[in-house]
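# An overview of the molecular structure
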Number of protein chains: 2
Amino acid sequence: MAFASQLGLSGQRLGVTYRLQGSEQEARAKAEDICLEQTVEFPRDLLPAGDICEHLVGRIEALVADSPGSCQATISFALETTGLMLPQLLNVVFGNISMKPGIRVEWLDLPESLLGAFKGPRFGRAGLRERLGVRQRPLLCAVLKMMGASPRELAEQAYCYALGGADLIKDDHGLADQSFAPFRERVERCAEAVRRANRETGLNSLYLANVLVPSDRVAESARFAKEVGAGGLLVCAGILGWDTLRSLAGDDQLGLPIMAHPSFLGNYGINLTNGISYFALYGQIARLAGADAIAFPNHGGRFAYTRHDCIEITRGTQVEMGRLAPIFPAPGGGLKLERMPDILSLYGRDVILLVGGDLHRRSPDLVKNSRYFREMLENA
Amino acid sequence: MAFASQLGLSGQRLGVTYRLQGSEQEARAKAEDICLEQTVEFPRDLLPAGDICEHLVGRIEALVADSPGSCQATISFALETTGLMLPQLLNVVFGNISMKPGIRVEWLDLPESLLGAFKGPRFGRAGLRERLGVRQRPLLCAVLKMMGASPRELAEQAYCYALGGADLIKDDHGLADQSFAPFRERVERCAEAVRRANRETGLNSLYLANVLVPSDRVAESARFAKEVGAGGLLVCAGILGWDTLRSLAGDDQLGLPIMAHPSFLGNYGINLTNGISYFALYGQIARLAGADAIAFPNHGGRFAYTRHDCIEITRGTQVEMGRLAPIFPAPGGGLKLERMPDILSLYGRDVILLVGGDLHRRSPDLVKNSRYFREMLENA
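Predicted model only: the values in this text are computed from it and were never measured. (Residues numbered from 1 in each chain as written. Chains lettered and ligands numbered in written order. Predicted model: local features only at pLDDT ≥ 70, side-chain atom pairs only at ≥ 80, totals over all residues. Heavy atoms only, no water.)

## Some details on the side chain of Ser98 of chain B
- As for its placement among the helices and strands, Ser98 of chain B is situated in the loop between helix H3 (86-94) and strand E4 (103-109).
- Among the polar contacts made by the side chain of Ser98 of chain B, one reaches the main-chain amide nitrogen of Leu265 of chain A at a distance of 3.4 Å.
- Ignoring any residue separated from it by four or fewer positions in sequence, one finds Ser98 of chain B in contact with Pro262, Ser263, Phe264, Leu265, Gly266, Asn267 and Ile270 of chain A. (Helix = DSSP H or I, 4+ residues; strand = E, 2+ residues; numbered from the N terminus. Polar contact = N/O pair within 3.5 Å; in protein donor to acceptor, adjacent residues only side chain to side chain. Contact = heavy atoms within 4.5 Å.)

Have a look at this one:
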């Protein structure tokens, strides 16, 4: 079998830094395997001479022990392996090796030429603040509760949240398209309720509609949400695919802010010896896909995320990525707003705070409860 | 906040059996948490009376210690929580709890009323055998190598494989839409080459085109593949989303067999204390999505899958699921066909064997090499 020796490669490469379990020798063997597995999937001794062998397979750029029993290896790949598109980029970075133990993606180093192929977040932090008309303080996102509530009940809730000054009002991620709250009716009623409240308050609260519907109906459902006045979308990227989020974010006709939700993604981050770091997944990849905010569990709540995990996510939301805007970290999952000093010291003011159960716990008056939390943020 | 007390629920429930790390007491606490987290995401003490509290939240049906330090818990959910659609089903089964440690989905127990909402595999084992005209023996799937090859080179390879009698010929999963092998040109040339070989052999080899393209181009790319004569599709469900596979499988105009590829899915299975079992993910979920075959690494190859893992996958491909057809396990990843007795004892004859590098290693004559492997299967 003959192969062409020249592929017209640009010479540009992207870098991926992996944490590899094992001694330096074991880690080097893993790194060498990654170079092949993520590109040609072919034995090195059978590779044809020329560009494939010399440039297309991954290249170990650095390998250093970072603790007893693990190493950090930076591997570069020819830009062209990715086809300059997100699905194949994810495939090169972590496709097959997701099935091999002891490999964790720590961070991506993407050249301008690759970043330039992505629109990234349409709004980002600055754009979302502009749309909301809120300059500096942390933002409040109230969560519509709960699965089982009817569209009327959810809309009434959305109305109260907006009246109380919640900046964003998002569907609980379990509100999909169920018999007791069909997608269209829910979204239409909630969008209308928030619009009505905005007229009364003079504020610009945005309702984020969860488009967790069959994949062949996501685009039309998002358009419907926009038509009936939803102010943004909630997208479960782990279920619908990161590239579905990208295609929604990149749709100029749609032009809505998007919050990514981490449902079904936990397994990438939960074991330190495998997967993809929170920095890379919730920061870099979410931004490449074009999310304007990434929801995740705050430390100390219902989930097992550590303070360090939250710091890493926040770093990823703002690390330099060419012209791709920084995005909002949106911690939730049992967040206690009473712990505001800790929240501010961790996230700073560029943060969206997700509050659900606590908005209902304070008192039966959701307007008052929302106002209470909003004032807490205004005074933060 | 008032909620309706009646939701018009059918009373039907789906069951999910989880393996939970911890003592029986800890596991029970985890199970109780799952009941809420996967449905209402709301504190139990604040739940409204009526259907939400009594029927919509998950219900622990059984909890037994299965080894020191872990328990199996079966939790049932009201059918309506899933909206009878795959994205929300995955969300209920494992969405938020993917972010909590020590929880693994072992298997799903889906009632007919839920299974009936899914078309499932269009071909399955019997349908694919019929299309290929091969009754009983194991099937040979040759893999087009490699990233960096041109469409002409790949088509020449496909032609040789088909001439040598490979039943299926699949794109390597790293062949996406790159400058050196654009999707349309690659698929058109490969489909044509296999058609040409079929005319010479009188066989009916099928070329499976990898539709790893941006999500908003997947459907049109699949249609293009069909138009130019591709015999089936390869779908990286972990990247494009399981429901994208479902929408392709369910498309009557398309009507092509689909092999699911496990790229980017490894993290769900790799740690025994987290994620989703191979049985449930590669068996039950792949079938719900409508895959006709599931590719995965055979034990003893380049990956760390054990013999037990492969047995579990195979069990999942054929376990009773209402009218959903059994599908082909398609082991690869460094499969040695010389180990045929082991392969047969593990998988039986209803198996697709993926062969890539070994087809190139035997000799430079790919027709002869393919014929060699095919004869090995005819005599198996």
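The discussion continues.
## Thoughts on the sheet that holds strand E12 (residues 328-332) of chain B
All names here are of chain B.
- In spatial order, the strands read E12-E11-E9-E8-E7-E6-E5-E13; together these eight strands make up an open sheet with parallel pairing. Sheet topology places E12 and strand E13 (352-355) at the edges, where each strand pairs with a single neighbour. Averaged over all neighbouring strand pairs, the angle between strand axes comes to 25°, with direction disregarded.
- Set on the sheet, helix H6 (residues 151-163) makes contact with strand E5 (139-144) and strand E6 (168-171); between it and E5 the angle comes to about 165°.
- Here helix H10 (residues 242-249) sits on the sheet in contact with strand E8 (232-236) and strand E9 (258-261), set at roughly 175° to E9. (Pairing = 2+ DSSP bridges. Axes fitted to C-alpha atoms, helices over the stretch in contact; angles between N-to-C directions.)

## Focus: the nonpolar core
- Core analysis: the largest hydrophobic core is formed by 256 residues, its most contacted members being Trp242 of chain A together with Trp242 of chain B.
- Apart from the residues lying within four places of it in its own chain, the contact partners of Trp242 of chain A are Leu86, Leu90, Ala237, Ala260, Leu265, Leu281, Ile285, Ala286 and Ala289 of chain A together with Ile239 of chain B. (Core = buried A, V, L, I, M, F, W, Y, C linked by side-chain atoms within 4.5 Å. Buried < 20%, exposed > 50% of the residue type's maximum accessible area, 1.4 Å probe, protein only.)

## Details of helix H10 (residues 242-249) of chain A
- Across the eight residues that make up H10 of chain A, a large majority, eight, are buried.
- Regarding H10 of chain A, the residues found buried are Trp242, Asp243, Thr244, Leu245, Arg246, Ser247, Leu248 and Ala249 of chain A.

## A word on unusual backbone geometry
Residue and element names in this part refer to chain A.
- For the bond from Lys145 to Met146, the omega torsion is 5°, close enough to zero to count as cis.
- Positive phi, close to 55°, is recorded for Leu84, a residue that is not glycine.
- The exposure class assigned to Leu84 is partly exposed, which follows from its relative accessible area of 38%.

## As for the environment of Phe328 of chain B
All names here are of chain B.
- If you trace the backbone, Phe328 turns up in strand E12.
- Residue Phe328 is classed as buried on the basis of its relative accessible area, which comes to 0%.
- Each C-alpha atom of the pair Phe328 and Gly124 lies 7.0 Å from the other, and the pair is 204 residues apart in sequence.
- If we ignore the near neighbours within four places in the chain, the residues touching Phe328 are Gly124, Arg125, Leu128, Arg129, Leu139, Asp292, Ala293, Ile294, Thr317, Asp350, Val351 and Ile352.

## Thoughts on the packing of aromatic side chains
- Within this structure, the stated rule accounts for 14 aromatic pairs over all chains.
- Ring centres 5.2 Å apart and planes at 40° place the aromatic pair Tyr268 of chain A and Phe264 of chain B in the tilted group. Of this pair, Tyr268 of chain A sits in helix H11 (residues 266-269) while Phe264 of chain B sits in the loop between E9 and helix H11 (266-269), on two different chains. Each member of the pair, Tyr268 of chain A as well as Phe264 of chain B, carries the same accessibility label: buried.
- Ring geometry for Phe296 of chain B versus Tyr347 of chain B: centroids 6.1 Å apart, planes at 55°, classification tilted. (Phe/Tyr/Trp six-rings, centres within 6.5 Å; stacked < 30°, edge-to-face > 60°.)

## Some remarks on the relation of the copies chain A and chain B
- Rotating chain A by 180° and moving it 0.0 Å along the rotation axis overlays it on chain B with an RMSD of 0.0 Å. Such a combination of rotation and displacement between the chain copies is what one expects of a two-fold axis. Relative to the rotation axis, the C-alpha of Gly241 of chain A is the closest in chain A, positioned 2.4 Å from it.
- Of all interface residues in chain A, 100% are interface residues in chain B too; the two copies therefore contact each other through one and the same surface. (Least-squares fit on C-alpha atoms with pLDDT ≥ 70 in both.)

## Here we look at helix H12 (residues 278-289) of chain B
Residues and elements named next belong to chain B.
- Taking burial as the measure, the twelve residues of H12 include twelve buried ones, the bulk of the element.
- The set of residues buried in H12 consists of Tyr278, Phe279, Ala280, Leu281, Tyr282, Gly283, Gln284, Ile285, Ala286, Arg287, Leu288 and Ala289.
- Positive backbone phi, approximately 100°, marks Gly290, located one or two places after H12.

## Remarks on the environment of Ser345 of chain B
All names here are of chain B.
- On the secondary structure map, Ser345 appears in helix H14 (residues 340-347).
- Take Ser345: its relative accessible area is 53%, and that puts it in the exposed class.
- Within the local environment of Ser345, its side chain forms a polar contact with the backbone oxygen of Asp342, the two atoms lying 3.1 Å apart.

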